[in-house]
Amino acid sequence: MMQHTDNAADAARRLLSWYDRHHRDLPWRISPPMARDGVVADPYHIWLSEVMLQQTTVQAVKPYFHKFLTLWPKVTDLASADTEEVMKAWAGLGYYARARNLKKCAEAVARDHGGVFPDTEEGLKALPGIGDYTAAAVSAIAFNRQSAVLDGNVERVISRLYAIETPLPSAKPEMRALVARMTPADRPGDFAQGMMDLGATICTPKRPACALCPLNADCLALKMADPETFPRKAAKKDKPLRVGAAFVASGPDGAVYLRKRAETGLLGGMTEVPGTAWTSRIDGDNTIEAQPFAAAWEPCGTITHVFTHFELRLSVYRANVAIRDKSGNGWWEPLASLEAQALPTVMKKAIAQAIPHAFKAGTN
DNA sequence: AACGCGGGGAG
DNA sequence: CTCCCAGCGTT
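Since this is a predicted model, take the numbers as computed values, not measurements.

Analysis parameters
Residues numbered from 1 in each chain as written. Chains lettered and ligands numbered in written order. Predicted model: local features only at pLDDT ≥ 70, side-chain atom pairs only at ≥ 80, totals over all residues. Heavy atoms only, no water. Helix = DSSP H or I, 4+ residues; strand = E, 2+ residues; numbered from the N terminus. Buried < 20%, exposed > 50% of the residue type's maximum accessible area, 1.4 Å probe, protein only. Polar contact = N/O pair within 3.5 Å; in protein donor to acceptor, adjacent residues only side chain to side chain. Contact = heavy atoms within 4.5 Å. Axes fitted to C-alpha atoms, helices over the stretch in contact; angles between N-to-C directions. Parallel < 35°, antiparallel > 145°, perpendicular 65-115°, else oblique. Nonpolar A, V, L, I, M, F, W, Y, C, P; charged D, E, K, R; others polar. Domains from an automatic or database assignment. Buried area = accessible area lost by both parts, 1.4 Å probe. Salt bridge = Lys/Arg side-chain N within 4 Å of Asp/Glu carboxyl O. Near = heavy atom within 4 Å. Disulfide = S-S within 2.5 Å.

Draft legend 1. View of the side chain of T276. Examined against the element boundaries, T276 turns out to sit in the loop between β3 (271–272) and α14 (284–289). The class of T276 is buried, set by a relative accessible area of 12%. One polar contact links the side chain of T276 to the main-chain amide nitrogen of A245, over a distance of 2.9 Å. In contact with T276, not counting residues within four places along its chain, are G244, A245, N286, T287 and A290.

Draft legend 2. Representation of the packing of helix α1 (residues 7–22) against helix α12 (residues 188–201) within the structure. Where α1 meets α12, the closest approach of the two axes is 9 Å, and the angle between their N-to-C directions is 75°. By the criterion of interaxial angle, the relationship of α1 to α12 is roughly perpendicular. Contact with α1, carried on its side by A12, L15, L16, W18 and Y19, involves D190, F191, Q193, G194, M195, D197, L198 and T201 of α12 and no other residues of that element. By residue class, the composition of the contact of α1 with α12 is eight nonpolar, three polar and two charged.

Draft legend 3. Fine view of the domain arrangement of chain A. According to the domain assignment, chain A consists of domain 1 (7–229) and domain 2 (241–354). Computed from C-alpha coordinates alone, the two centres of domain 1 and domain 2 are separated by 37 Å. On the domain 2 side, the residues contacting the eight residues of domain 1 number 15 residues. Summing the contributions of domain 1 and of domain 2, the shared interface buries around 780 Å²; its carbon and sulfur component is 52%. The largest per-residue losses of area from domain 1 upon contact with domain 2 belong to K88, Y96 and R100, which jointly make up 54% of the total buried on that side. The interface formed by domain 1 and domain 2 contains zero salt bridges. When residues in the side of domain 1 that touches domain 2 are grouped by element, the largest group, three residues, is from helix α6 (residues 83–90). The residue makeup of the side of domain 1 that touches domain 2, split by class, is four nonpolar, one polar and three charged.

Draft legend 4. Here's a closer look at the protein's contact with DNA strand B. For DNA strand B, the set of nearby residues contains 19 residues, the closest of which are Y96, L267, H305, T308 and H309. Here L267 contributes a backbone N or O atom positioned 2.6 Å from a phosphate oxygen of DNA strand B. The backbone of T345 places a nitrogen or oxygen atom 2.8 Å from a phosphate oxygen of DNA strand B.

Draft legend 5. Local environment of the state of the cysteines. One pass over the structure, following the stated rule, counts zero disulfides. C213 forms no disulfide, and the closest cysteine sulfur to it belongs to C203, at a distance of 6.2 Å. On the accessibility criterion, C213 (15% relative accessible area) is buried.

Draft legend 6. Quick peek at the protein's contact with DNA strand C. Close contacts around DNA strand C come from 25 residues, with E50, G129, T134, D151 and R156 the closest. Q55 places a main-chain nitrogen or oxygen 3.0 Å from a phosphate oxygen of DNA strand C. Residue R156 places a side-chain N or O atom 2.7 Å away from a phosphate oxygen belonging to DNA strand C. When contributions to the surface near DNA strand C are tallied by element, the ones reaching two or more residues are α9 (132–143), α10 (152–161) and α12. For the surface near DNA strand C, the per-class residue count stands at eight nonpolar, nine polar and eight charged.

Put into structure tokens, the structure is as follows:
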């Protein structure tokens, strides 16, 4: 008589075997041979990488990961760092609330946990910036706990493996349960990383390489339909256009007038050049009012930038002033140190439009 | 449950 | 162009 085999457990074994042979080599990762010898990654490294990787590609994260570890080798170093320095180091990576929460989380770990990360999902999830995914990922990867890790990659793999018709995000609880059933007690961290590597390299959004997939024998989407049509997703809304004006002032020595944005909301806590509010239509009065001080402002073209939920078109104005105005809340930043400021990409674009030589190519 | 929140690479 | 990326916090 045929021995009954658990499909999920068998699939997990094949996934781990594939991971042993085809895993990616990443800066924060312990290689499978070492992991099997019981070597575990530094929770600080795993946490830092996971926060940076939220909605962000591996390639974009790598240089920032190295920069942060150089500046702040231990979580206690990050906890005692100046928040403004953290924002400067994060500039360009996006989703800046992550940087604010990163700092708060480091402070909480240092203050409330003696500088040691909690080793359970519940303990981790109580910290700022750590949600379902990151808590499970750190728990599994850094503490070898049997946590169900569900990110965008795993959602795609699971949705195809089980041909889940429920659209995202409604399908997440169902998917999480299936991942939990599949996650092995042995090497749960490598299993989680293997599922994510599979989603990133084989079970891709477009043209998945099903012939190379270790799970192709189990995949219902491959068997019944077109894997590429999974996961099902709710229709997304279109992006409105917003417009505004930005003012780039150069002092007699080339210094640029900057100011700080509000702590919360869009680009919260980051640095900017003065400008109008960003609205659905141009308001001439606003364009006058938003000037930080009286000067011979001259138009120098427009720049476009796409945010998550709207597209922005900024009219850029520049002025060369003989005397530094000191009446406002801003400051005059020397051209040489402009690159090191907490300037989001849209602001760098605006400054570069007014002062083409402001940023050297290849830096940062 | 829906929305706000960056930036960049792949196809 | 469109899609989507090791999602989280707020409402």
